[in-house]
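Each chain is listed here by its residues.
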Amino acid sequence: MPSCFRIGGTKGPVKPRKTEWRWLWSRSQRALLVIVRLCVCIPAPAMAACLALRTFVIGAAVTAATAAAALPTDEHGDYNGIDLIEWITSHPDGMIHESIRIGRERPGDPTSINGLFVKADGKPIEKGETIAQIPWDHIISPGNAYRNYKFTSCKAIYNLAKELRRGETSSKAPYVKYLLTQSSGTMPGEFSKAGKKFLTKMLGGDDLPPYEETWKDDYERMWLDQCAGDESDEVERFAYWLTSSRDEDTLMVPIYDMANHSNDSTKLNTLSYKPREAGDVFRFVASMRIEPGAQVYNSYNRCGSCADVDHDECETFSFYKTPDLFVHFGFVEDYPQSWEFDRTDDQTVDEEFEFCLEKDDKTGELVVTWEEDAMPDDEDIAWVKEHINRLGVLEKDKERLEENLVAKSNDDAGAKLMTRAEWDSIWTYHRALTTALNAALQSSDASRSDEL
């Protein structure tokens, strides 16, 4: 979950410029030496072997017992988290709503997304009902050093690494076993050298977001330098990546971290409440009635500038925009999207322009809503056109680039070749970026015509 939240005071939250991100806990990482893909997507008989491979990759410190233990599955062979649910509800402070199901949107379909759902034959979850209440003892945290207003913690990552090494002997074994199956290599900071180089090229050097300081060398700066991490320790490295993509500020919260992201007001159906202090529970609550069969959604950048939510219900605010979600989670969010562009590095000149990009439910058309006093000027428009043209030229050369830059096998990825997953991810973001720039251009032209 996102760790960029800052609680607004009486003057409101302070908005960081792109060179002021040191206070944010950037979630980008560098590549694993060996990339192991998600184990929970494979049939149960093959799962033990996959977990054994994962154990080998992140180091012998993770016990062989963890590697051999298959995760529980349903009749379709999909992970169902029943061990997690039983573990949490066995605690006096633990609670999981009886209608919650962990699994695939379409059970048995390996192409279907994993997440949290209301059982098709279960009761609806009513507004205000608790979806999950997670005891403090079941959360991986900084311990007594926890403060609910802090968003970074070296100790939390070290504590996660410690639990991963313990494996089956961990007091949080059901959660640890699940975490050990999670995929890596999906975020730009984890890309191969070739993948990073091509992403930089696609972004026009450092002209377009996400800006390099938020992703390219963040692992080295944040973990190795600030937290004095050990570059040779694969367990620490894996723990850093997990917290970067899954934590809620400084907390790793089971069940809650399985909810997928959406800011669509028709889908987003939850609120979360962090512990006020060490020892308190974490609560995950329905913000609207959730019908049987529906998915349970969370927002990874809740209450941002484009969020269509009641701000009275916002416990925290996020400055993450669509490019930031790509950096920190490795996906391009669906609409609504939030974009901000800055054509100059000169911090003495305010040249930023930002907007919300939504899709009309009835017509399917994209709608741009500009931030007040944030419309692009003539120089901005020329800059946008230049990048639209450049991105178009790059796309025309896609077939040749693919042949020269994509490795036949992940083992061949490195300085000259990238993985297929990295290639696909970069082009997914390319399409989103091109769409956003074109929408901004068309909306700006329309606004100018209206003024004439």
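Rules of the game
- Along each chain, the written sequence defines residue order, and numbers are assigned to residues from 1.
- pLDDT decides what is reported in this predicted model: residues at 70 or higher carry local features, side-chain atom pairs at 80 or more are listed and counted, and totals for whole chains, interfaces and linings draw on all residues regardless.
- With hydrogens and water stripped out, all remaining heavy atoms of the structure feed into the side-chain values.
- Between the rings of Phe, Tyr and Trp (Trp by its six-membered ring), a pair exists once the centres lie within 6.5 Å; its type follows the angle of the planes, with under 30 degrees stacked, over 60 edge-to-face, and the other angles tilted.
- Labels follow the DSSP assignment, with helices taken as runs of H or I lasting at least four residues and strands as runs of E lasting at least two, numbered in each case from the N terminus.
- The rule is simple: take the accessible area with a 1.4 Å probe, protein chains only, and divide by the maximum for that residue type; under 20% is buried, over 50% is exposed, in between is partly exposed.
- Should DSSP find at least two bridges between two strands, the strands are taken to pair.
- A fitted line through C-alpha atoms represents every axis, and for helices the fit uses only the stretch in contact; the resulting angles, taken between N-to-C directions, go from 0 to 180 degrees.
- Helices are assigned an expected span. That span is 1.5 Å times one less than the residue count.
- In what follows, residue pairs with any heavy atoms lying within 4.5 Å of each other are defined as contacts.
- For this analysis, a polar contact is any N or O atom pair within 3.5 Å, provided that within protein one partner can donate a hydrogen and the other can accept it, and provided that sequence-adjacent residues contribute only side-chain to side-chain pairs.
- For the purposes of this analysis, a disulfide is any pair of cysteine sulfur atoms at a distance within 2.5 Å.

> Help me understand the packing of aromatic side chains in this model?
In this description, a pair of aromatic rings is defined by centroid distance and the angle of the planes. As enumerated under the stated definition, the model contains 23 aromatic pairs in all. Centre to centre, the rings of F326 and Y429 are 4.5 Å apart; their planes meet at 10 degrees, and the pair counts as stacked. Of the two residues, F326 is situated in helix α9 (residues 322–329) and Y429 in helix α12 (residues 420–451); the sequence distance between them amounts to 103 residues. Across the pair, Y429 and F326 agree in class, each one buried.

> Any chance you could explain the sheet that holds strand β9 (residues 337–342) here in plain terms?
What links the strands of a sheet is backbone hydrogen bonding, and the strands pair in either a parallel or an antiparallel sense. The strand order across the open sheet formed by three strands is β9-β10-β11, and the pairing between neighbours is antiparallel. Two strands lie at the open edges of the sheet, namely β9 and β11 (366–370), each paired on one side alone. Taking each pair of neighbouring strands and ignoring which way they run, the sheet shows an average axis angle of 30 degrees. The pairing of strand β10 (residues 352–359) with β11 spans five bridges and is classified as antiparallel. Counted as the bridge partner of E358 is V367 from β11.

> Help me understand helix α4 (residues 154–166) in this model?
Each α-helix turn comprises 3.6 residues. Residues three or four places apart therefore point the same way. Spanning 13 residues, α4 covers 19 Å between terminal C-alpha atoms, matching the ideal 18 Å at 1.5 Å per step. Turning to α4, its buried residues number three or more, namely A156, I157, N159, L160, A161, E163 and L164. On the buried face of α4, the contacting elements are α5 (173–179), α7 (218–226) and α8 (234–246). A distance of 3.4 Å separates the backbone nitrogen of K155 from a side-chain oxygen at the start of α4, and that oxygen is part of S153. Directly after α4, the chain includes G167, whose backbone phi takes a positive value near 60 degrees.

> Please clarify how the state of the cysteines should be interpreted in this entry.
In a disulfide, the sulfur atoms of two cysteines are held together by a covalent bond. This structure, assessed with the given rule, holds two disulfides. The disulfide bridge from C154 ends at C227, spanning 2.0 Å between sulfur atoms. Because the torsion about its S-S bond is -75 degrees, the bridge between C154 and C227 counts as left-handed. In this pair, C154 is assigned in helix α4 and C227 in the loop between α7 and α8, connecting sequence segments 73 residues apart.

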